[in-house]
Amino acid sequence: MATQHTRFWLNFPPQLITRPLLWELCRAFPVVTNIRQASITDEVGIVSLSMEGESEDITKAVAWLEAQGVRVDPVEMNTIAS
Amino acid sequence: MEPTPFFSNLKCRECGRLYPKQAIHVCDFDFGPLEAAYDYAAIGRSLTKKTIESRPHSMWRYRELLPIDGEPTVGAQVGFTPLVKADRLAKVLGIRELWIKNDTVNYPTLSFKDRVVSVALSRARELGFEVVACASTGNLANSVAANAAAAGLKSYVLIPADLEQGKILGSLVYGTQVIGINGAYDQVNRLCSEIAGKYGWGFVNVNLRPYYAEGSKTMGFEICEQLGWRIPQHTVIPMASGSLLTKIHKSYKEFIQLGLVEDTKFSVHGTQATGCAPISHAIKRGTDIVKPVPKPETIVKSLAIGTPADGYYAIHSMKQTGGSAEDVSDEEVVEGIRLLAEYAGIFAETAGGVTVAGAKKLIASGHIGANDSAVLCITGHGLKTQEAIVGKVGAPRIIAPNIREFEEKIYAPDAAAAAL
């Protein structure tokens, strides 16, 4: 299987900001993550993240993040325009 | 083809790193969006009011400020739409002077999207793309289909499968490949972003986005020129991703930098539908953090972007210029469409209703002064969203084909009403 390199924007709701979710993610799935930019306030945490791994593992990792309550968008978010 | 001496690089809006002028859209370092950068000193030596005025009436009269290398090859007739002085509407909205920038009559598909698409497809040709594509819910799809057909480019239009029939037909008729995708909005977005990177297509709103977005500036350039080379005090702009607002702001700054207009005070204001108003709500909360709207609920489909890519930048444009934002209910949208039609003779799509109704609120609240002058940007034709006003603008009065019935049922009651 080919290794894939995918870029995401993660949006953490306030109640998840203090949880080490990316550490948990890397322990649960064989993916390599790299934070490129982050902004954290009382209201929200926004992280730009690159993720490297097998396509299937990335899909599972994203689904897991979403199940925890993190919004995950590809960096090309808003691909659909009017 | 000789590269233009004016359009120099792509540049990250976050960190300022420079990139070559390729089909890329995100900074490798921090994932910030890329946008076109120019050599303004060189442009200043070449571009004068006289030069611009001597050129054909299209958006390409400002071509030094657009990101292509050679002459435009797609959409040569796009732009230079009317700027209409709307005195009767001004009275109703309670403002001294009002202008309508009327992109409902933009060529060829009756929306401002023809501006961005003609830049994107001209650049796509320069970069050697043979297939172009977009993901769209309406106006963009129509424009890519039409302009690609005229240019002889193969095109794919990706749409949510449950889109209204009228919008599907408005793309199919041009012979484009229309692909309906089953799934929620987010899933469709994700698939499109994967497709965009995989097959070497020129995806106008993904890998060609830095070029595409710049086309919106021409709306601002035209407003300034049509006002007699000055920037309007207030500009009211509908917001979906927020890109149009940031680009109109950029166009005013560029004209000031080049000395084509005086550096007068101006404000840009944004409007959204309340059912999907992440940018307006952020402004009202006094923050630049845009909270995504997971399920937009509004008749204004063309502005229903829950995660606006340029929201942060739009907020900063409004803050920098002393502008503000407003959002309006679906009922107010319909009222806005009616006001624009009844008092200015312009039939706009739902986004136009958002702009008019939003402007009305901004004037009433004093964010736009009653003694000031404002331009409303109307971005698409009402024929595209007729279903939004069916049953809400009255019905014809039916009579038998004889003069007596006309007099009894029409003329006499109307004359009596007029006499009141």
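Our subject is the structure that appears above.
A. Just the sheet that holds strand β3 (residues 45-54) of chain A, in detail. Residue and element names in this part refer to chain A. In spatial order, the strands read β2-β3-β1-β4; together these 4 strands make up an open sheet with antiparallel pairing. Two strands lie at the open edges of the sheet, namely β2 (32-40) and β4 (71-74), each paired on one side alone. Taken over all neighbouring pairs, the strand axes of this sheet differ in orientation by 25° on average, direction set aside. As paired elements, strand β1 (residues 3-12) and β4 share 4 bridges and run antiparallel to each other. The partner of L10 across the bridge, within β4, is V72. Along the sheet face, helix α1 (residues 21-28) touches β1, β2 and β3 and points at about 170° away from the line of β2.

B. Quick peek at the sheet that holds strand β2 (residues 18-19) of chain B. Residue and element names in this part refer to chain B. Read from one edge to the other, the open sheet built from 3 strands follows the order β2-β1-β3, with strand pairing classed as antiparallel. Of all strands in the sheet, those bounded by a partner on one side alone are β2 and β3 (34-38). Note: strand β1 (residues 7-12) against β3, 5 bridges, orientation antiparallel. What sits directly across from K11, in β3, is E35.

C. Spatial organisation of the pattern of salt bridges. For the structure shown, the criterion picks out 31 salt bridges over all chains. Put simply, D73 of chain A and R71 of chain A hold a salt bridge, and the shortest N to O gap is 3.0 Å. The pair formed by D73 of chain A and R71 of chain A is uniform in burial state, with each residue classed as buried. With a shortest N-O distance of 3.3 Å, E408 of chain B and R404 of chain B are connected by a salt bridge. Of this pair, E408 of chain B and R404 of chain B both sit in helix α15 (residues 403-419), 4 residues apart, which is roughly one turn of that helix. Comparing E408 of chain B with R404 of chain B shows no difference in burial state: the two are exposed. A single network of salt bridges, built from pairs that share partners, joins E35, E214, K217, K247, K250 and E254 of chain B.

D. Layout of the pairing of β3 of chain A. Residue and element names in this part refer to chain A. The element β3 is largely enclosed, with a buried count of 7 among its 10 residues. Relative to β3, β1 runs antiparallel, the two sharing 10 bridges. Residue pairing in the sheet places T6 in a bridge with M51 of β3. Here β2 pairs with β3 via 8 bridges, running antiparallel. Bridge assignment links Q37 to a residue of β3, and that residue is S48.

E. Expanded view of the side chain of H381 of chain B. Residues and elements named next belong to chain B. Within the secondary structure, H381 sits in the loop between β13 (373-378) and α15. Under the relative-accessibility criterion, H381 is labelled buried at 15%. Setting aside residues no more than four positions away along its own chain, H381 makes contact with T104, L110, F347, A348 and E349.

F. Region of interest: the state of the cysteines. Residue and element names in this part refer to chain B. Under the counting rule described, the total for this entry stands at 0 disulfides over all chains. The cysteine C134 is free of any disulfide, with C192 supplying the nearest cysteine sulfur at 8.9 Å. Residue class for C134 comes out buried when judged on its relative accessible area of 0%.

Cut-offs applied
Residues numbered from 1 in each chain as written. Chains lettered and ligands numbered in written order. Predicted model: local features only at pLDDT ≥ 70, side-chain atom pairs only at ≥ 80, totals over all residues. Heavy atoms only, no water. Pairing = 2+ DSSP bridges. Helix = DSSP H or I, 4+ residues; strand = E, 2+ residues; numbered from the N terminus. Axes fitted to C-alpha atoms, helices over the stretch in contact; angles between N-to-C directions. Contact = heavy atoms within 4.5 Å. Salt bridge = Lys/Arg side-chain N within 4 Å of Asp/Glu carboxyl O. Buried < 20%, exposed > 50% of the residue type's maximum accessible area, 1.4 Å probe, protein only. Disulfide = S-S within 2.5 Å.

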